[in-house]
Amino acid sequence: MPIKTLEPYLFERKQVFQALIDILANATLGIDVEYYLNKIYTQKKEQFLAAIGGAPTSLGDYIKSDLKHFQSYNIRPIFVIPGLKTATQLDDAGKVEELVQYEKNIENVWNKLMNPPLHDGVPNLQAMENFRTYTEKFSLDSIVNDLIKCFIELGIDYLVTPYDTSFQLSYLLQSQAIDAIYGSTDVLLSKVDKLIIGMDFQTKEFKFVDKRKLLQEIGLNERQFIDLSLMVGCALQPHTFPIFPPQPRHVPGQPYPILNYFKLGLDMVFQYISFSGVTSDLYGYILNFNDPKLVDLYVRGQCAIKYVPVLTANGYVELYNVQMAQLGFKTDIDYLADDDDNEEDANDGLKEREEETEKETGKETESDKGKVVGNISKKESVKQGGKEKSTRIVKVPTNLHEVISQRLPPELYLYQSLGLLPVEFLTSIARGVNKVRAPPELLGQNNDSYQKLVSSKFYLDILDYQYNLITQLVARYYQVKKIAVKFWFKKDTIELNNRITPPIGKRVEKLFVNNAESSDLFSLSRFFIKPAGTNEDKKDREVKHIGDIVSTGLLRTLYLYGLANEKGELSALGKIIQEFAATNQIEREDQEKELESLIYLALLLKTKTFKLNALEPANSGLSKVYTQLQFPNNASSTLTAEEEKYISLISRVFSLQKLSTTAINYHGPVSRGLLSFRTHVEFIRTTLLHTLECLLIDFIVRLESNNIKATYENKQDWLKLIDQLPFYSSSNNTLMGVFAEIFFKVAIKQQRGADAKASEAADFAKVYLADHVLHCEVAGHNVNYKGEQTFSQTQLNNDFKKAVKWWKSFYSFMTLINEKEKLICDDTLFKDIKGADILLSQYV
């Protein structure tokens, strides 16, 4: 998140300069991923992403395209992904039971979509509002794993920073790991002089900001600039002070006026300086408001900017100011102070203000003469000419954990930086609270099934196992610390006691895979076809191959999920998956993804929280506008309740199949019911993946029959391991299910209303879907990043054939479950699946 409204102010004051990209040739460029994607996916793109789920379909195309341009200039990009949030950032998300602004907007648009405005008596679906608000930024939370998989596939270097992206990039620049930064204006709050804020490969130019010229233009020193940024809001202090008026509400069809908070704040600051004569900082200005909350936000913001943790070159996590001191930077020196005298004057003013601030917060000042009140002093030294030269002492507040978070072992941050540990999981350990918010797609409708799923005893136990696996590897404080789980639908807080006896790591230590013929390629189907057992006789042999490492983690995961026993023998459901994998030749990668989807469905059905054959409520399904057909002689084309149920079941299964389209701004039919179903499946997937990751970390850290930490000499070795993990990528979007629902409803209505054959009705439905719903012949409708139409009749036909094959695999799998494990798929459910299969076969 950049400094609020600073960027438009820079363009207004002509403080954005241009240069040729040739200047960056042979350079290493650090890129803020969140800022980079917000530049790509502006408010006019991916307007329906919140309604279809998943990652943007055009994500890979955009990154590949930019990578080609980087390669033409021999520019090496390093993408930096944001990590944990500070306490202030978490507070900005609001209470777990309250809706934030973007969630309210999503609910409002859904309501309008289900009841579209009429134009000459006909529903106008083109008048829909955007699911993204004008002030909403593109979120990375749900697509981080998809990004990492894309980076690994393309051979692009990436890093998940411990906390803030901007200060991690600043450290990389000052430590000479990169040559330039492409990121948000938040980087200007750090020790950086120039910042790239835009790149245009068509004109072969990039836009940048010169910090020195900016400060001279606005007439502020660096400390005042930081103070003003804290007042208007930035990444590490996202709250805008209430001294600013609220932004005007957007009215559809009218220009959106935006108040420039930075410009307003600058006028306030000038008035304060002219009346008070204070030229050091704005602390006194904030004190004049007599609001302790504003003072607290200011102090916390200053503390976070100084001491936000960064990942160092040797893989250790250290505080930003400490690293800057080691690199020879003097702390808290005005950027515009060019000589020693000015530096001393600036330091004197800052020292006085620091002492006032520290007295307010009860911290130690330099005048305390060595008394230990509330600070830990850290003396740094740098080598110059072979001699050590002492630098200024870096003071670290002892209550820093209240501003940032409690510190975790550096090794965990290292695994997070690779994408091997989820950010939100480590956040809950560090903060001691796991806030479970309602998914936006489930707001405003009946979500009892999802509530029962996420709060079920089984999955709360799984969450407890995950915490136990990680906390057993760190200080005893975390081992006895309880983690509170807060659900949006419950007033009571559930406290997880991760002190499990014996620990989960001890329970699973006999389960491991160590095959001499293993390779560095893991196959989910091959794992089930040839299970490993406990391999007690091979325990002393080192586990080296990636296939064995991942298999060991997966076998232990199956044990915790009840799909295997302590001897590694598969349970009834595990044997069903084994039989299916053995009888169906699974060779391609997309078939492996289908096997993963079958596992998700089986685990979901096992919970008894979601009924696969239940009809969706009328207000959460597909808009009837897309399936309305007119026939002569008032011929009836109404679907029966049984047909509605069968089509609903088919569309849910089809929604798990990938659609080969890369539309950058999909406009078409959406279904909230299918999105709700996807949310259930996605919860199963993420929980399964997190369990696997925690078990792998436990296996690696404890050095059980492996020496991975010593043998993995570089980052590429770790990336090969991550690339082989199953369940890593997010579930597909719901479009294939939406199109299937339209196809079958139109086909049945056409056959019945026009008295046509089933094959003729199917052909009609395909043409209807392509021409009247997706507008395949209309230029500029649902285009890709090149501006070309993404949907075509041929593409839809090919995707539909793949989806039908996927349905047949699903039908075979459910047949096995119904025969051998009726508790998961009883006769009633299978009867509906069989009826849906008969209906599908009529039109395929």
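What counts and how
Residues numbered from 1 in each chain as written. Predicted model: local features only at pLDDT ≥ 70, side-chain atom pairs only at ≥ 80, totals over all residues. Heavy atoms only, no water. Helix = DSSP H or I, 4+ residues; strand = E, 2+ residues; numbered from the N terminus. Buried < 20%, exposed > 50% of the residue type's maximum accessible area, 1.4 Å probe, protein only. Contact = heavy atoms within 4.5 Å. Phe/Tyr/Trp six-rings, centres within 6.5 Å; stacked < 30°, edge-to-face > 60°. Polar contact = N/O pair within 3.5 Å; in protein donor to acceptor, adjacent residues only side chain to side chain. Pairing = 2+ DSSP bridges. Axes fitted to C-alpha atoms, helices over the stretch in contact; angles between N-to-C directions.

(A) Focus on the environment of L604. Checked against the element boundaries, L604 lands in helix α25 (residues 589-606). Assessed through its relative accessible area of 1%, L604 is described here as buried. Between the C-alpha atoms of L604 and V681, which are 77 residues apart in sequence, the distance is 7.0 Å. Other than its neighbours up to four places away in sequence, L604 contacts L453, T609, F610, F677, H680, V681 and I684.

(B) Here's a closer look at the packing of aromatic side chains. Counted by the stated rule, this structure contains 46 aromatic pairs. Here F70 and F201 contribute two aromatic rings whose centre-to-centre distance is 5.4 Å and whose plane-to-plane angle is 85°, an arrangement assigned as edge-to-face. Linking F70 in helix α4 (residues 59-72) with F201 in the loop between β8 (194-200) and β9 (205-210), this pair joins segments that are 131 residues apart in sequence. Each member of the pair, F70 as well as F201, carries the same accessibility label: buried. Between the aromatic rings of Y450 and F683, the centroid separation amounts to 6.1 Å while the plane-to-plane angle is 75°, which identifies the pairing as edge-to-face. Here F683 lies in helix α27 (residues 672-701) and Y450 lies in helix α18 (residues 448-454), a separation of 233 residues in the sequence. As far as burial versus exposure is concerned, Y450 and F683 are alike and both buried.

(C) Structural context of the side chain of T661. Tracing the backbone through its elements, the reader meets T661 in the loop between α26 (641-654) and α27. A distance of 3.3 Å separates the side chain of T661 from the side chain of T790, its partner in a polar contact. Beyond its immediate sequence surroundings of up to four residues, T661 is in contact with T57, T790, F791 and Q795.

(D) Quick peek at the environment of L469. Its place among the elements puts L469 in helix α19 (residues 457-471). Overall, the relative accessible area of 1% leaves L469 in the buried class. Once the C-alpha coordinates of L469 and D698 are considered, the two residues, 229 residues apart in sequence, prove to be 6.2 Å apart. Beyond its immediate chain neighbours, meaning those up to four positions away, L469 contacts I504, G505, C694, L695 and D698.

(E) Main features of unusual backbone geometry. Cis geometry marks the peptide bond from T501 to P502; its omega dihedral reads -10°. Inspection of the secondary structure puts P502 in the loop between β18 (494-496) and α21 (504-507). At N26, a residue that is not glycine, the phi angle is positive and equals roughly 70°. Within the element layout of this structure, N26 appears in the loop between β1 (16-20) and β2 (28-32). If you check the backbone angles, N290 has positive phi at about 55° while not being a glycine. Here N290 shows up in the loop between α12 (283-287) and α13 (292-307). Given a relative accessible area of 70%, N290 falls into the exposed group.

(F) Representation of the environment of H239 in the model. Tracing the chain through its elements places H239 in the loop between α10 (222-232) and α11 (261-276). A relative accessible area of 22% places H239 in the partly exposed class. A C-alpha to C-alpha distance of 8.6 Å links H239 and Q89, two positions 150 residues apart in sequence. Leaving out residues up to four positions away in the same chain, H239 has contacts with T88, D91, D92, L230, M231, G233 and L297.

(G) Quick peek at the sheet that holds β18. Strand order in the open sheet formed by three strands is β16-β17-β18, and the pairing between neighbours is mixed. If you trace the sheet from one side to the other, it starts and ends with β16 (433-436) and β18, each paired once. Averaged over all adjacent pairs, the angle separating strand axes in this sheet is 25°, with direction ignored. Note: β16 against strand β17 (residues 483-487), four bridges, orientation parallel.

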